[in-house]
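Fold and contact review
Next come the chains, spelled out residue by residue.
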Amino acid sequence: NYESFIYTSGYTIWGANGIQQVTIDLYRLLVGLVGSLFVMILLYNVRNLFENSPKKIPRLLAFAGKNTIGIYIISNYIFIYILPEITSNFNSINYLFLFTETLIILILSLICIRGIKQNTILNKLLLGGR
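Here's a quick rundown of the structure. (Residues numbered from 1 in each chain as written. Predicted model: local features only at pLDDT ≥ 70, side-chain atom pairs only at ≥ 80, totals over all residues. Heavy atoms only, no water.)

What follows deals with helix H6 (residues 95-117). Compared with an ideal rise of 1.5 Å per residue, which puts 23 residues at 33 Å, H6 spans 33 Å between its outermost C-alpha atoms and is within 8% of the ideal. When H6 is considered as a whole, its buried residues turn out to be Leu98, Glu101, Ile105, Ser109, Leu110, Ile113 and Ile116. (Helix = DSSP H or I, 4+ residues; strand = E, 2+ residues; numbered from the N terminus. Expected span 1.5 Å × (residues − 1). Buried < 20%, exposed > 50% of the residue type's maximum accessible area, 1.4 Å probe, protein only.)

See below:
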């Protein structure tokens with residue numbers, strides 16, 4: 001529903017009704033957990049899909065998996081500071097737009113991570129690299 005949409009309610013309890021925000025965040029966590037379990041079960045049952053697929057798909061998934069902490073960190077800043085400005089005029093949910101937006105944020109995050117990893121000091125400070 002509209003109240004649990006991340007772009008309208010955010011995901012920080014600062015300056016908001018704390019109890020309501022925590023219940024919204026728990027709801028989102030549960031939806032994400034169920035979605036993740038669904039994908040894991042689906043991939044487990046359809047593993048032949050990746051065995052017969054081009055090598056790019058498993059490599060892309062492995063690359064994204066190795067960079068999840070960076071994706072979380074960078075996308076968090078995008079969600080907090082950039083998206084509210086861009087999406088403030090949207091009154092309805094458009095799933096095609098959300099899918100496209102998600103891909104763009106993922107690609108931007110991966111590009112930023114790649115740049116950060118090239119600098120040893122920034123990699124240690126921002127991503128916990130070695």
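What follows concerns a nonpolar patch on the surface. Together, Ile69, Tyr72, Ile73, Tyr77, Ile80, Tyr81, Ile82 and Ile86 give the surface a local cluster of nonpolar side chains, amounting to about 860 Å² of exposed area. Within the secondary structure, isoleucine 82 is located in helix H5 (residues 68-86). Isoleucine 82 sits in the partly exposed class, given a relative accessible area of 44%. (Patch = residues over 30% accessible without salt bridge, like charges linked within 9 Å, V, L, I, M, F, W, Y side chains within 5 Å. Areas by Shrake-Rupley, 256 points an atom, 1.4 Å probe, with all protein chains shown as cover. Salt bridge = Lys/Arg side-chain N within 4 Å of Asp/Glu carboxyl O.)

Below, the discussion takes up the packing of H5 against H6. At their nearest, the axes of H5 and H6 sit 9 Å apart, and the two run at 125° to each other. One element, H5, and the other, H6, form an angle in the oblique class. H5 and H6 meet at a crossing whose hand is right-handed. Judged by residue contacts, Gly70, Ile71, Ile74, Ser75, Ile78, Phe79 and Leu83 of H5 engage Glu101, Ile105, Leu106, Ser109, Leu110, Cys112, Ile113 and Ile116 from H6. For the contact of H5 with H6, the class distribution of residues is eleven nonpolar, three polar and one charged. (Axes fitted to C-alpha atoms, helices over the stretch in contact; angles between N-to-C directions. Parallel < 35°, antiparallel > 145°, perpendicular 65-115°, else oblique. Left-handed = near helix turned anticlockwise from the far one by under 90°. Contact = heavy atoms within 4.5 Å. Nonpolar A, V, L, I, M, F, W, Y, C, P; charged D, E, K, R; others polar.)

Let's shift gears to the nonpolar core. Counting nine residues, the largest nonpolar core consists of Ile71, Ile74, Ile78, Leu83, Ile105, Leu110, Ile113, Ile116 and Leu127. Broken down by secondary-structure element, the contributors of at least two residues to this core are H5 and H6. (Core = buried A, V, L, I, M, F, W, Y, C linked by side-chain atoms within 4.5 Å.)

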